[in-house]
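Observations on the model geometry
If you want the building blocks of each chain, they are given just below.
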Amino acid sequence: MKVALGVSGGIAAYKAAELVRIFQERGLDVQVVMTRSACEFVTPLTFAALSGHSVISEMFGRHPGQANLESAIEHIEVAQSIQALIIAPATADLMAKLAHGLGDDFLTTLALATPAPLIVCPAMNVGMWDNAATRSNVALLRKRGVRIVEPDEGYLACGMTGPGRLASTDAIARQVFETLGLREDLKGETVLVTAGPTCEDIDPVRFLSNRSSGKMGYAVAEAGLRRAARVILVSGPTALAPPSGVELQQVRSAEEMEKAVLARLKEASVVVMAAAVADYRPAKTGARKMKKSDTPRQLILKPTPDILKSISKSISNRRTSQLRRKPLIVGFAAETDHLVQNARAKLNSKGLDMIVANDVTRPDSGFDADTNRVTFVFPNGKPRVLEPMSKQDVANRILDEVVRLRSKNRS
Ligand code: PMT
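Residues numbered from 1 in each chain as written. Predicted model: local features only at pLDDT ≥ 70, side-chain atom pairs only at ≥ 80, totals over all residues. Heavy atoms only, no water.

Examining the overall build of the protein
Assigned secondary structure in the protein consists of 14 helices and 21 strands. Expressed along its principal axes, the backbone C-alpha trace of the protein runs to roughly 80 × 60 × 40 Å. The 411 residues of the protein split such that 49% are buried. Only carbon and sulfur atoms are counted for the fraction: they give 51% of the accessible area of the protein, which is about 20,300 Å². Positive and negative side-chain charges in the protein, numbering 54 and 43 respectively, have mean positions lying 7 Å apart. (Helix = DSSP H or I, 4+ residues; strand = E, 2+ residues; numbered from the N terminus. Buried < 20%, exposed > 50% of the residue type's maximum accessible area, 1.4 Å probe, protein only. Areas by Shrake-Rupley, 256 points an atom, 1.4 Å probe, with all protein chains shown as cover. Lys, Arg positive; Asp, Glu negative; His and termini not counted. Charge placed at Lys NZ, Arg CZ, Asp CG, Glu CD.)

Structural data, given as structure tokens:
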């Protein structure tokens with residue numbers, strides 16, 4: 001989910017840096033747009049470093065007469081890709097432009113072009129805030145459905161006291177998350193997610209692996225962040241960018257994944273094992289590249305550790321005094337036949353609270369697909385078959401079950 005954070009030229013511009021971090025913690029991808037005068041207060045480099053994207057501050061590129069087509073239509077592209085435009089701080093001048101539909105720079109043009117909700121967070125001197133023109137601009141914006149996060153009262157940079165301070169980052173974030181419909185039902189939970197394949201080395205150039213892209217696990221990680229969980233993502237090698245806000249731990253082999261998961265297990269209240277962990281690895285990894293020959297070769301394989309079984313063992317071995325709260329364990333089962341029967345056998349043998357039985361026989365499901373077909377299987381009760389849906393939706397449905405099982409365990 002992408003949002004644009006517009007920063008206009010006021011002393012409170014530095015507080016917008018904190019907003020970037022808060023938004024990222026909830027898995028939002030943040031594009032910062034600055035007015036020219038905002039760049040006098042904070043450098044674009046600060047926001048670029050925090051957001052991971054170049055800051056947009058000029059309408060037509062840096063040098064007059066040298067704009068290209070891309071820079072000329074960038075505001076339309078950004079306008080259509082964002083779910084919300086937040087302007088913090090918004091100066092009196094900027095609000096006047098917004099109220100009267102002016103578009104003389106990138107930020108105001110973006111505000112005109114985007115169909116996304118607009119959240120305006122004013123910050124200015126008390127006199128400017130109380131000025132009749134500003135009051136009427138605020139009223140006009142409100143009438144059009146713009147959400148205004150009222151400034152706080154207090155000591156202002158100009159030396160005066162009164163309303164005009166940028167609202168707290170908490171109040172702004174609350175308004176943004178509410179506008180985006182982000183739930184907070186995993187607040188306080190730490191979700192440990194595994195994703196992607198593992199690679200089991202044969203020699204320095206060859207390895208055994210599988211077709212997992214990591215999309216399913218990364219979708220769970222992102223959904224967890226959006227629902228206010230802390231997320232630890234232990235990932236095998238993938239081509240995906242990790243959702244901003246996750247604590248990423250990259251691993252290669254099943255053994256490395258087991259080590260990483262067990263090391264972070266005590267922090268987790270929920271574990272979701274979406275990774276496609278290799279069941280076997282070469283008994284020996286050659287130190288040098290295996291030479292080609294014309295005779296057939298045999299590769300001796302030995303089992304890798306079963307990470308879910310190690311998790312269950314580690315939890316039951318914990319002394320009662322160390323046991324804070326038993327984490328809820330969700331496994332996956334990639335199956336080509338007897339979906340529910342095989343998944344149930346894995347659920348029981350691995351001591352899980354729930355297993356996501358994944359049909360991997362169709363092109364729109366399982367490995368590398370953007371959509372998935374899954375059935376939820378529980379220790380008791382009937383399996384729940386889900387209609388085909390995006391991996392993002394599957395991720396949210398898994399987390400809905402996590403929330404339900406958590407509240408059931410509490411009562
Ligand atoms: O990454 P994508 O391209 O999006 O594809 C998603 C997926 C198909 C990989 C995913 O939805 C999925 O089904 N993941 C589980 C794949 C798998 O390894 O299934 P399994 O039936 O072999 O293993 C059962 C469970 O045991 C899994 O939770 C697995 O993580 C775990 N396991 C497996 C082997 C092992 N040595 N240790 C384990 O803990």
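Back to the text.
Focus: the packing of helix 5 (residues 92-99) against helix 8 (residues 132-143)
At their nearest, the axes of helix 5 and helix 8 sit 9 Å apart, and the two run at 45 degrees to each other. Between helix 5 and helix 8, the angle falls in the class oblique. Once helix 5 is placed against helix 8, the crossing between them reads as left-handed. Judged by residue contacts, Ala 92, Met 95, Ala 96, Leu 98 and Ala 99 of helix 5 engage Thr 134, Asn 137, Val 138, Leu 140 and Leu 141 from helix 8. (Axes fitted to C-alpha atoms, helices over the stretch in contact; angles between N-to-C directions. Parallel < 35°, antiparallel > 145°, perpendicular 65-115°, else oblique. Left-handed = near helix turned anticlockwise from the far one by under 90°. Contact = heavy atoms within 4.5 Å.)

Brief notes about the packing of aromatic side chains
Taken as a whole and judged by the stated rule, the model has 1 aromatic pair. Centroid distance Phe 23 to Phe 177: 6.3 Å. Interplanar angle 75 degrees. Geometry classified as edge-to-face. One end of the pair, Phe 23, is in helix 1 (residues 15-25); the other, Phe 177, is in helix 9 (residues 169-179), and 154 residues separate them in sequence. The exposure classification of Phe 23 matches that of Phe 177, with both residues buried. The positively charged end of Arg 26 is found above the aromatic ring belonging to Phe 177, 4.4 Å away from the centroid. Sitting over the face of the ring of Phe 207, Arg 252 holds its NZ or CZ atom 5.1 Å from the ring centroid. (Phe/Tyr/Trp six-rings, centres within 6.5 Å; stacked < 30°, edge-to-face > 60°. Lys NZ or Arg CZ within 6 Å of the ring centre and 35° of its normal.)

Some points on the sheet that holds strand 5 (residues 147-148)
Strand order in the open sheet formed by 5 strands is 2-1-3-4-5, and the pairing between neighbours is parallel. Each having just a single partner strand, strand 2 (29-34) and strand 5 make up the two edges of the open sheet. Here strand 1 (residues 2-7) pairs with strand 2 via 6 bridges, running parallel. Paired with Leu 5 across the two strands is Val 32, which belongs to strand 2. The strands touched by helix 3 (residues 44-51) within the sheet are strand 1 and strand 2, with strand 2 carrying the most contacts at an inclination of about 170 degrees. (Pairing = 2+ DSSP bridges.)

Some words on unusual backbone geometry
For the peptide bond that leads from Ala 88 to Pro 89, omega is -5 degrees, which places it in the cis range. Turning to its location among the elements, Pro 89 is positioned in strand 3 (residues 84-90). Its identity as a non-glycine residue notwithstanding, Ala 228 has a phi of 80 degrees, on the positive side. Turning to its location among the elements, Ala 228 is positioned in the loop between helix 10 (215-226) and strand 11 (230-235). For Asp 368, which is not a glycine, the phi torsion comes out positive at approximately 65 degrees. Assignment of secondary structure puts Asp 368 in the loop between strand 17 (354-359) and strand 18 (371-372).

What to know about the site of the ligand
Inspection of the region around the ligand gives 28 residues, with Ser 212, Ser 213, Lys 346, Asn 358 and Asp 368 positioned closest. A distance of 2.9 Å is found between an oxygen atom of the ligand and a backbone nitrogen or oxygen belonging to Phe 332. Contact between the ligand and Lys 391: an oxygen atom at 2.7 Å from a side-chain N or O atom of the residue. Across the complex, the protein chains shield 96% of the 770 Å² of accessible surface that the ligand would expose by itself. Among the secondary structure elements, those contributing two or more residues to the shell around the ligand are helix 10, helix 12 (307-317), strand 16 (328-335) and helix 13 (339-350). The greatest single-element share of the shell around the ligand, amounting to 4 residues, is contributed by strand 16. A class-by-class count of the residues in the shell around the ligand yields 14 nonpolar, 7 polar and 7 charged. (Near = heavy atom within 4 Å. Polar contact = N/O pair within 3.5 Å; in protein donor to acceptor, adjacent residues only side chain to side chain. Nonpolar A, V, L, I, M, F, W, Y, C, P; charged D, E, K, R; others polar.)

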